[in-house]
Amino acid sequence: MAAPGGPRPSNVPANYNPNSLADGVQNLQISRPTGPPTSAANSGVPSRPPPPFGQQPPPFSSSAPHSAPFTGTSPMVRPGPIPPGVLTRPAVPPSTHSQPSLPPNLASNRPSGPPPVTQPPPPFGSRPPPPGALPSAMSSSGGPPSAILLSGQVAPRGSRPSGTPFGSSPFITGPALPPGSIPHPVSNGPPAFAPGASQGGPHMPLAGSLPPPQGGPAAPATLFARAPPPAPNMGSLLGSPPSGAMPPGTMQAPPPFPAVPQGVRSSSPFVAAPQGALPPSGSPYGPQAWQMPPRQVAPPSAVPGAAQPPRMFGMPPPSQSMAAMSPAMGQMGASTIGSSKIDPNQIPRPITSSSVLLHETRQGNQANPPPPATSDYIVKDTGNCSPRFLRCTINQIPCTVDLLTTSGMQLALMVQPMALPNPSEEPIQVVDFGESGPVRCSRCKGYINPFMKFIDQGRRFICNLCGFTDETPRDYHCNLGPDGKRRDADERPELCRGTVEFVATKEYMVRDPMPAVFFFLIDVSMNAIQTGATAAACSAINQVIADLPEGPRTMVGVATFDSTIHFYNLKRALQQPLMLIVPDVNDVYTPLQSDVIVQLSECRQHLELLLESIPTMFQNNRTADSAFGAAVKAAFLAMKSTGGKVLVFQSVLPSVGTGALSSREADGRTNISAGEKEAHKLLQPADKTLKTMAIELAEYQVCVDVFVTTQSYVDIASISVIPRTTGGQVYYYYPFSALSDSAKLYNDLRWNVTRPQGFEAVMRVRCSQGIQVQEYFGNFCKRIPTDVDLPAIDCDKTIMVTLKHDDKLQDGSECAFQCALLYTTVYGQRRIRVSTLSLPCTSLLSNLFRTADLDTQFTCFLKQAASEVPSTPLLQVREQVTNLCINILHSYRKFCATVSSTGQLILPEALKLLPLYTLALLKSTGLRTDGRIDDRSFWINYVSSLSTPLAIPLVYPRMISIHDLDLKETERTPIPPVIPLSSEHVNDDGIYLLENGEDCLIYIGNSVDPDIIRQLFGISLVDDIPTQFVLQPYDNPLSKKLNDVVNEIRSQRCSYLRLKLCKKGDSSGMLFFSYMVEDKTPSGLSYVEFLVHIHRQIQSKMT
Ligand SMILES: [Zn+2]
């Protein structure tokens, strides 16, 4: 694979693209829960006191945001746009007020609302309760019935119209009024590693703290988008006749990157592990039936309770499974076929856990199955990596392919290499092996990790991935202790931690690390101008500039486009930005390459002026055409020498120039009526033009994100090829409303540029002998089978890696997976983040069911289904999804359950929610036939890089009641317990909030107490609430709580959420009820009916 910039050094592992690496130092700093404030933030000056891990479990900020004094809007609500004048950047780096405990990677810029500045722990601050809290979930209603005895048909509980697709609702609400944002530096502080500190050799764990993000509250902002900012005097700019002939510029090499100041980090052992006791072990979970909830059993070589409902370590195991089962038994135990009595309150549903779990990745030299991905937990890395980084669909690996096939389950890893940690977790430690680079297996190139076995007095080591024996490098030799381990194992992060970050040597690059380049491309065609999309984009960019990384490494450029492309010379010497037009959109070139991308520090004022002027400059634009493809190509040419990020704001269907598209949706409708079989083709790219371009972009380390702010069809299926291939993503605002979407646009953009991220990355997953990677799924470019190229990678991106057997594994041995990500931080450091997960192998089917990871297993189904939809008739995909569920449950019923009655549907405890999630998936936007093509394309695209914790709510949203928020006492989180997604639980006198991580619906019943409506919305009559309302804080406890809840959700989801108001009786109400996945619909079964259906399918397979 030819890496841009030159050939790969011969000794570099094949999987590494020698380009530079970037980012995320901030990631390294994960936690400093109570870290002392520091002012070293931007200077990278040394010595930061070690994080106080010695204390008891890191104190969670009990000072959670919601307990803060009500100040109007919640403190961190991402502000809506700020009026132009307010945007001046502070002359000094932001105050350190919020730094002390803000973990760098948790940037305070997390979309929603971090805590008040004076309160230490940030975004997550409000989440974890004191680690002593008991899991209230254990007894909650969704509880442990591990099996359901089902029989007979159930009368449908009433049907609801299947609503309209989410996006089509005309009701849009505006963002909460933003508190303003004080411009502050980027959350990614410069690295804090002292150059000298890491030179002592490999042994020095350099954990430390990076300068925390300077989050800071956003300045009070006014709701933006009411009017475009006044245009500054741009006379000369506007007046200069755009000339078609641009002076060809010469390419200038990017300025060298000055060494980043570094600080000393000291690592502190994580001492707080008070609750690590394992539950008593019991008898192996054998083939017996559900009566044995897995979690109580800790078979000798097995992992204790995987994928179980949240529990606290150290807690006694739940008494007996039968007790836990009783509710179900009571209802359905005496199942007789034909009984139509099934109480919907007794069937499995997700549990709300209000406690935070402490998860040690290994205990007693065994892998410890992780808590559910959707639960709240704190990880202590004791050898295996955090499940946030690598999570397997099954926590024991089947020894043979036959065993896996029999189980019906999928074997795959969800890899999220830069996942956000919980702030209470220990930072990832950085290890510097000096010039020799990290120790690696000479055969498979696997990296040194805690599972490599040293032998022969430490002189040699055996690779846990390929089994090869290597000589230990002389300067890495260490004697073994009586336990056979190296005596220094506990002091070397790479020998005792599942995740470490190695400093990359010159061998891992062919050029200097690339600068952080941000190029903004703005659609100024007639429609974009008239809908306010251009103004919203310019305002968002203008505000976000203040959040870009400081320093000479940060470069920016701006171009606008309609049927031509307009670059702007931002050189300081020029009095005002000069517009340079590229008229040929079929054979694009870029003018003045050296002047259209400039160091941010040199052009900040010009840039702000320009962004304020653009909406006015084009206010009378009558050009309807948009040259999206050509504009991306032109931006690419301008940044070809460096690589970087292109952020495109697109409002209409690209209609001219390279990659022009046609409105095939209209044609598609005809085709659909002609035959369902061809319908899915509209979900495929129109042609290969954009794909070809995207591959070229990826080769030059250019990542593209597209913000689609539209009111019409734009062919997302075609457009999305570019972000998907370059490690980017699509943001979708449909139907775009300048009033309600501007704040989300700003928040999305801000999170995009400030979240932990890296550039010019290459990733590879290695597996132990016997297992190999089958396929990678996600947003990347793949040029060789073993690696994925990621022009950019960030904390939100997840890559699914499916696995296959190529040999038998030994029962009782362990199988390891190692993910290595080579990347460049935004500060120009080259790093290799290595995460290793070692899991036990088993030849028992019951172990697979016991340790199945529901969330991950289901996310795997979801991603596979999403990738199938564009190429397979929908009915077939739906059938495949249903069969996956049936096959797993059938296998369990046939081989593991001992219950004799055929009238019983028996669900493995760990997978008891599989039918519910499967049903919800069948009713989701992507798998329904009634959705708009673009809505479905967006869904498919969104799923492709989605993390496990966000995949579940996308399919099975969270619903809570909000009319009674002030009556509920919640200790740790402002979010009350969830309500099942059934219309039976939605009352006419209630108000409900439903969110799926992207959208948030607020439904108002038709007989709600007017006083409650007034408290929440400022108006008493439902009919008087405007369809596009803005969630505002009012001076009463109920309103305050609602704002707290919304902000907490935004923080958890790292998304601002599109708020929509839904009223009973109109289309918005129907939209809301379309999310009641447990209801019967004209085209779908109710939950109970679906269970009956599944049960019958299993019965028929049994006979
Ligand atoms: Zn090896």
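Below: a short report on this structure. Since this is a predicted model, take the numbers as computed values, not measurements.

Points about the coordination of the zinc ion
Surrounding the zinc ion are the protein donor atoms Cys441 (SG), Cys444 (SG), Cys463 (SG) and Cys466 (SG), at 2.3 Å. Coordination at the zinc ion is tetrahedral: its 4 donor atoms span angles of 99 to 115° at the metal. Here the donor residues for the zinc ion map to a single chain with the spacing C-x2-C-x18-C-x2-C. Separated by 25 residues along the polypeptide, cysteine 441 in the loop between β8 (429–431) and β9 (453–455) and cysteine 466 in the loop between β10 (460–462) and β11 (469–471) bring together distant segments of the chain. Judged by relative accessible area, cysteine 466 falls into the buried class, the value being 9%.

Some words on the pairing of strand β7 (residues 412–415)
Residues Ala412 and Met414 point to one face of β7 and Leu413 and Val415 to the other, with burial holding for every one of them. Where strand β5 (residues 390–392) and β7 come together, 3 bridges link them in antiparallel fashion. When the bridges of β7 are listed, arginine 391 appears paired with methionine 414. In the sheet, β7 pairs with strand β24 (residues 799–805) via 4 bridges, with the strands oriented antiparallel. Across the sheet, residue leucine 413 finds its bridge partner in β24, namely valine 801.

Observations concerning the sheet that holds strand β22 (residues 771–777)
Strand order in this open sheet of 4 strands is β5-β7-β24-β22, and the pairing throughout is antiparallel. The sheet is open, and its two borders are formed by β5 and β22, each paired with just one other strand. Direction aside, the axes of adjacent strands within the sheet are offset by 25° on average. Here β22 pairs with β24 via 6 bridges, running antiparallel. Of the residues in β24, the one forming a bridge with isoleucine 771 is histidine 805.

Focus on the pairing of strand β21 (residues 757–767)
Summarising burial for β21: 11 of the 11 residues are buried, a large majority. Of the pairings in the sheet, the one linking β21 to strand β23 (residues 788–794) comprises 6 bridges and is antiparallel in character. Residue pairing for β23: valine 762 is matched across the bridge by aspartate 789. Sheet analysis places β21 next to strand β25 (residues 814–825), joined by 8 bridges and oriented antiparallel.

Basis of the calculations
- Residues numbered from 1 in each chain as written.
- Predicted model: local features only at pLDDT ≥ 70, side-chain atom pairs only at ≥ 80, totals over all residues.
- Heavy atoms only, no water.
- Donors = N, O, S within 2.8 Å, 3.2 Å for Na, K, Ca; no water.
- Tetrahedral: all angles 85-135°; square planar, octahedral: opposite > 155°, others 65-115°.
- Helix = DSSP H or I, 4+ residues; strand = E, 2+ residues; numbered from the N terminus.
- Buried < 20%, exposed > 50% of the residue type's maximum accessible area, 1.4 Å probe, protein only.
- Pairing = 2+ DSSP bridges.
- Axes fitted to C-alpha atoms, helices over the stretch in contact; angles between N-to-C directions.

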